[in-house]
Amino acid sequence: MTTITLAQGDITRQSADAIVNAANSSLLGGGGVDGAIHRRGGPAILEECRKLRASEYGGGLPTGRAVATTAGDLDARWVIHTVGPVWSPGEDRSELLASCYRASLGVADALGARTVAFPAISTGVYGWPMDDGARIAVETVRAARTSVEEVRFVLFDERAHEAFVRRLGRPHAR
Ligand code: ADP
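This report concerns the structure included in the present document.

About the cut-offs
- Residues numbered from 1 in each chain as written.
- Predicted model: local features only at pLDDT ≥ 70, side-chain atom pairs only at ≥ 80, totals over all residues.
- Heavy atoms only, no water.
- 1 Å grid on protein atoms, 1.4 Å probe; cavity = no way out; pocket = protein on both sides within 12 Å on 5 of 7 lines; lining within 4 Å.
- Points joined across faces, edges and corners; volume = space filled by probe spheres on them.
- Helix = DSSP H or I, 4+ residues; strand = E, 2+ residues; numbered from the N terminus.
- Nonpolar A, V, L, I, M, F, W, Y, C, P; charged D, E, K, R; others polar.
- Near = heavy atom within 4 Å.
- Polar contact = N/O pair within 3.5 Å; in protein donor to acceptor, adjacent residues only side chain to side chain.
- Areas by Shrake-Rupley, 256 points an atom, 1.4 Å probe, with all protein chains shown as cover.
- Disulfide = S-S within 2.5 Å.
- Buried < 20%, exposed > 50% of the residue type's maximum accessible area, 1.4 Å probe, protein only.
- Core = buried A, V, L, I, M, F, W, Y, C linked by side-chain atoms within 4.5 Å.
- Contact = heavy atoms within 4.5 Å.
- Pairing = 2+ DSSP bridges.
- Axes fitted to C-alpha atoms, helices over the stretch in contact; angles between N-to-C directions.
- Salt bridge = Lys/Arg side-chain N within 4 Å of Asp/Glu carboxyl O.

1. Some thoughts on the layout of surface pockets
Considered as a void within the structure, the largest pocket measures approximately 630 Å³ in volume. Along its surface, the largest pocket is lined by 30 residues, and A22, G32, V33, G124 and V125 are the ones closest to its centre. Where the lining of the largest pocket is concerned, the elements lending two or more residues are strand 2 (18-23), helix 1 (32-41), strand 6 (150-155) and helix 5 (158-168). Per-element accounting of the lining of the largest pocket gives the leading share, five residues, to helix 1. Across the lining of the largest pocket, the residue classes break down as 15 nonpolar, 10 polar and five charged.

Rendered as structure tokens:
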């Protein structure tokens, strides 16, 4: 049974077995969550990402997939990098966004992670509307078959936090 919890703030301040990064396919850093994770997690994460680019992910990490590295200086054992789809008004990419959550939980299961912190994937630079991003996140995690005990959505601001509270349909501690 997976418990879904919510927190508001900076995901790099969380303590969890695994922290999920809303990465881009280059795996070599970016803005938003990605920039924060590399800044606070230190160079060990980027070093492993570079190794992944030099080996099985020479073409980058495809959208909807996930891969783990060390968490460096973060209070976690692993960072799970996943690449969300860019929002498109003309094309339904929901399945790719759902795939990010499923694939990340699959990697977490393979590692034996029991607590996993997720950001609201794709809802920043990639432009996904927050309410729909929250819907897909919650529905996908609820439907997932996983041994992860706690999935914690870590929402950067009040607006995102409220969207997840509405979607979960019950009040949650910060
Ligand atoms: P994407 O490129 O997948 O949209 P972003 O990192 O730009 O990824 O944004 C994803 C979500 O994470 C957005 O809602 C953004 O406000 C939020 N966010 C940005 N920085 C942080 C952070 N340090 N901790 C938690 N959430 C963050």
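2. Thoughts on the site of the ligand
Inspection of the region around the ligand gives 15 residues, with I11, V33, S122, T123 and G124 positioned closest. Measuring from a nitrogen atom of the ligand, one finds a backbone N or O atom of I11 at 2.9 Å. Residue Y126 places a main-chain N or O atom 3.0 Å away from an oxygen atom belonging to the ligand. Considering the ligand on its own, with 560 Å² of exposed area, one finds that the protein chains cover 90% of that surface.

3. Some thoughts on the state of the cysteines
Enumeration over the complete set of coordinates arrives at zero disulfides. C100 provides the cysteine sulfur closest to C49, a residue in no disulfide bond, and the two sulfurs are 15 Å apart. C100 gets classed as buried once you look at its relative accessible area, which sits at 0%.

4. Some thoughts on unusual backbone geometry
A positive phi angle, near 65°, is found at L27, a position not held by glycine. Among the secondary structure elements, L27 is positioned in the loop between strand 2 and helix 1. Phi angles above zero are rare outside glycine, and S122 is one such case at about 75°. Mapped onto the fold, S122 is located in the loop between strand 5 (115-118) and helix 4 (130-143).

5. With respect to the nonpolar core
Ranked by size, the top nonpolar core spans 35 residues in total, and within it Y101, V116, F118, F153 and F164 carry the most contacts. Secondary-structure elements contributing two or more residues to this core are strand 1 (3-8), strand 2, strand 4 (78-83), helix 3 (94-111), strand 5, helix 4, strand 6 and helix 5. Residues within four places of F118 in sequence aside, it is in contact with I11, V20, Y101, S104, L105, V151, R152, F153 and V154. Within the second largest apolar cluster, 20 residues are counted, among which are C49, V67, A117 and V154.

6. Points about the sheet that holds strand 1
Spatial ordering of the open sheet is given by 1-6-5-2-4-3, a layout of six strands whose pairing is mixed. The strands lining the two open edges of the sheet, one partner per strand, are strand 1 and strand 3 (66-70). Mean inter-strand twist for the sheet, computed between neighbouring axes without regard to direction, equals 25°. Summarising the sheet, strand 3 and strand 4 pair through five bridges and their orientation is antiparallel.

7. A look at the pattern of salt bridges
Counted according to the given criterion, the structure contains seven salt bridges. Linking R135 and E139 is a salt bridge whose minimum nitrogen-to-oxygen distance equals 3.1 Å. Of this pair, R135 and E139 both sit in helix 4, four residues apart, roughly one helical turn. For R135, a relative accessible area of 25% translates into the label partly exposed.

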